[in-house]
Amino acid sequence: CLDQITECIPGVGCIVDEMTDVFTGLVKAVVCAITCMCAFSSFIFVAGVMWVVMRPLVAIPLLIFGFCFCGGAGYLMHTCRKKKEKEAGMGSQQELLDDK
């Protein structure tokens, strides 16, 4: 639907179309990375807890990897949220400067 709308713009329609494709690709990649880290850390936590009784030497590294992946997902979510807040804050400050 968006591709048909941007094709109507002469000269820059193809550029806008490519930029929207790049942006949606980046968003999909970030969402995929966060989702995979959360899912993998959940799996590792469950496997680590089950292995604690059977083989503690295997369970300890699994739990450490689970904490690392959970921390990585939290870091990605935190940085994406900060970028979003920063962009929202810059837009409102720019509007205040334009009004003066």
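Numbering of residues begins from 1 in every chain and follows the order in which that chain's sequence is written. Where totals are concerned, whole chains, interfaces and linings use all residues; where local detail is concerned, this predicted model gives features only for residues with pLDDT of at least 70, and gives and counts side-chain atom pairs only at 80 or more. Note: side-chain values were computed over all heavy atoms of the structure, leaving out hydrogens and water.

(A) Just the overall build of the protein, in detail. Each helix and strand counted, the protein has three helices and zero strands in total. Burial classes follow relative accessibility: with a 1.4 Å probe on protein chains only, a residue under 20% of its type's maximum area counts as buried, one over 50% as exposed, and anything between as partly exposed. Scored against the burial criterion, the 100 residues of the protein give a buried share of 12%. When checking whether two residues touch, look at their non-hydrogen atoms; a contact exists if any pair is within 4.5 Å. Within the protein, contacts between residues separated by at least 24 positions form 39% of all contacts whose residues are at least 6 apart in sequence. What sets the accessible areas is the Shrake-Rupley method with a 1.4 Å probe; for residues, cover comes only from the shown protein chains. Split by element, the accessible area of the protein, about 8,100 Å² in all, is 73% carbon and sulfur. By definition, any uninterrupted DSSP run of H or I lasting at least four residues is a helix, any uninterrupted run of E lasting at least two residues is a strand, and each is numbered from the N terminus.

(B) Examining a nonpolar patch on the surface more closely. The patches reported here contain residues having more than 30% relative accessible area and no salt bridge. Joining distances are 9 Å for like charges and 5 Å for nonpolar side chains (Val, Leu, Ile, Met, Phe, Trp, Tyr). Whenever a carboxyl oxygen of Asp or Glu lies within 4 Å of a side-chain nitrogen of Lys or Arg, that contact is scored as a salt bridge. Taken together, the side chains of V46, M50, W51, V52, V53, M54 and V58 make up a nonpolar region of the molecular surface, amounting to roughly 680 Å² of accessible area. For the nonpolar patch, the element with the most residues is helix α2 (residues 13–54), which contributes six residues. Following the sequence through the fold, V58 ends up in helix α3 (residues 56–99).

(C) Here's a closer look at the packing of aromatic side chains. For this analysis, a ring pair means two rings from Phe, Tyr or Trp (six-membered ring only for Trp) whose centres lie within 6.5 Å, classed as stacked if their planes differ by under 30 degrees, edge-to-face if by over 60, and tilted for the remaining angles. Taken as a whole, this structure holds three aromatic pairs when the rule is applied. The interplanar angle of 40 degrees and the centroid separation of 6.4 Å between the aromatic rings of F40 and F43 together place this pair among those described as tilted. Taken together, the residues span about one helical turn, with F40 and F43 both in helix α2 at a distance of three residues. For F40, a relative accessible area of 36% translates into the label partly exposed. Accessibility expressed as a relative area gives 52% for F43, which makes it exposed. Summarising the aromatic geometry, the rings of F40 and F69 are spaced 4.8 Å apart at their centres and angled 80 degrees between planes, so their arrangement reads as edge-to-face. Here F40 is found in helix α2, whereas its partner F69 is found in helix α3, with 29 residues between them in sequence. Relative accessible area serves as the criterion here: at 29%, F69 is assigned to the partly exposed category.

(D) Inspection of the side chain of S41 at higher detail. Inspection of the secondary structure puts S41 in helix α2. From its side chain, S41 meets the backbone oxygen of C38 in a polar contact 2.9 Å long. Once you skip the residues sitting within four places of it in the chain, S41 turns out to touch G66, F69 and C70. N or O atoms closer than or at 3.5 Å make up a polar contact, with two conditions inside protein: a donor-capable atom paired with an acceptor-capable one, and, for residues adjacent in sequence, both atoms drawn from side chains.

(E) Local environment of the state of the cysteines. In this description, a disulfide is simply a cysteine sulfur pair whose atoms lie within 2.5 Å. Counted according to the given criterion, the structure contains zero disulfides. The structure places no disulfide on C32, whose sulfur is separated from the nearest cysteine sulfur, that of C36, by 3.9 Å. Judged by relative accessible area, C32 falls into the partly exposed class, the value being 43%.

Interpretation in functional terms is not warranted from these geometric data alone.
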